[in-house]
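Here's the letter readout for the chains.
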Amino acid sequence: RVRPIGVMTMRDRGEVDDKILAVPVSSVDPTYDEVRSPADLPPLDLRRIEEFFRVYKRLPDATAEVTIGAWRPASDALALLASALKSKSPQPAGR
């Protein structure tokens, strides 16, 4: 189990491809109890995450344009999750 603490804004080949950053809940690993936002993590950890996605997205196509933007707060991550869950919920017949 995890809890979201932020969103890394990202564009992959011109398309929005934001990534939710989450940490383990206390019952899994209490090490992260004080981490509430990306700013609570060491800057080096954030840079490592950014670089991972830059490399990962370019593996299939080295010419792919990948842009990493700002880190956004946990509230944005929760909104993204809610939106994704809503879009995946069954729709009543006739819609």
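Computed from a predicted model, the values in this text were never measured in an experiment.

Conventions used here
- Residues numbered from 1 in each chain as written.
- Predicted model: local features only at pLDDT ≥ 70, side-chain atom pairs only at ≥ 80, totals over all residues.
- Heavy atoms only, no water.
- Helix = DSSP H or I, 4+ residues; strand = E, 2+ residues; numbered from the N terminus.
- Rg over C-alpha atoms; globule rule 2.2 N^0.38 Å.
- Buried < 20%, exposed > 50% of the residue type's maximum accessible area, 1.4 Å probe, protein only.
- Contact = heavy atoms within 4.5 Å.
- Lys, Arg positive; Asp, Glu negative; His and termini not counted.
- Charge placed at Lys NZ, Arg CZ, Asp CG, Glu CD.
- Expected span 1.5 Å × (residues − 1).
- Arc of directions from axis to C-beta.
- Salt bridge = Lys/Arg side-chain N within 4 Å of Asp/Glu carboxyl O.
- Phe/Tyr/Trp six-rings, centres within 6.5 Å; stacked < 30°, edge-to-face > 60°.

A look at the overall build of the protein
Right, so step 1: Tallying secondary structure elements over the protein gives two helices and four strands in all.
Right, so step 2: Ordered by position in the sequence, the α and β elements of the protein form the string β-β-β-α-β-α.
Right, so step 3: Scaling as 2.2 N^0.38, a compact globule of 95 residues should have a C-alpha radius of gyration of about 12 Å, whereas the protein reaches 16 Å, well beyond that.
Right, so step 4: Viewed in the frame of its principal axes, the protein has a C-alpha envelope of about 50 × 40 × 20 Å.
Right, so step 5: Within the protein, the fraction of its 95 residues that count as buried is 26%.
Right, so step 6: A separation of at least 24 residues holds for 59% of the contacts in the protein among residues at least 6 apart in sequence.
Right, so step 7: The protein carries 15 positive and 14 negative side-chain charges, and their two centres are separated by 5 Å.

Side note on unusual backbone geometry
Right, so step 1: If you check the backbone angles, Arg-13 has positive phi at about 55° while not being a glycine.
Right, so step 2: Structurally, Arg-13 is set in the loop between strand 1 (2-12) and strand 2 (15-16).

A short note on helix 1 (residues 43-58)
Right, so step 1: Helix length check: helix 1 (16 residues) gives 23 Å between terminal C-alpha atoms against 22 Å at 1.5 Å per residue, within 8%.
Right, so step 2: Those residues of helix 1 that sit buried are Leu-46, Glu-50, Phe-53 and Lys-57. Down the axis of helix 1, the buried set is contained in an arc of 65°. They therefore lie on one face.
Right, so step 3: Close packing links the buried residues of helix 1 with strand 1, strand 3 (19-24) and strand 4 (66-73).

Looking at the pattern of salt bridges
Right, so step 1: Counted according to the given criterion, the structure contains eight salt bridges.
Right, so step 2: Between Lys-19 and Asp-17 there is a salt bridge, with the nearest N and O atoms lying 3.0 Å from each other. Each of the two residues, Lys-19 as well as Asp-17, counts as buried.
Right, so step 3: Taken together, the shared-partner salt bridges in this structure form one network comprising Asp-12, Arg-13, Asp-17, Lys-19 and Lys-57.

Section: the packing of aromatic side chains
Right, so step 1: Throughout the structure, instances matching the rule amount to three aromatic pairs.
Right, so step 2: Judged by centre distance (5.0 Å) and plane angle (85°), the ring pair of Phe-52 and Phe-53 falls under edge-to-face.
Right, so step 3: Consider the rings of Phe-52 and Tyr-56, whose centres lie 5.7 Å apart with planes at 10°: the pair is stacked. A residue pair is termed a helical-turn pair when its members lie 3 or 4 positions apart in one helix, as Phe-52 and Tyr-56 do in helix 1 at four residues.
Right, so step 4: An aromatic cluster is built from Phe-52, Phe-53 and Tyr-56, whose rings are joined through pairwise contacts.

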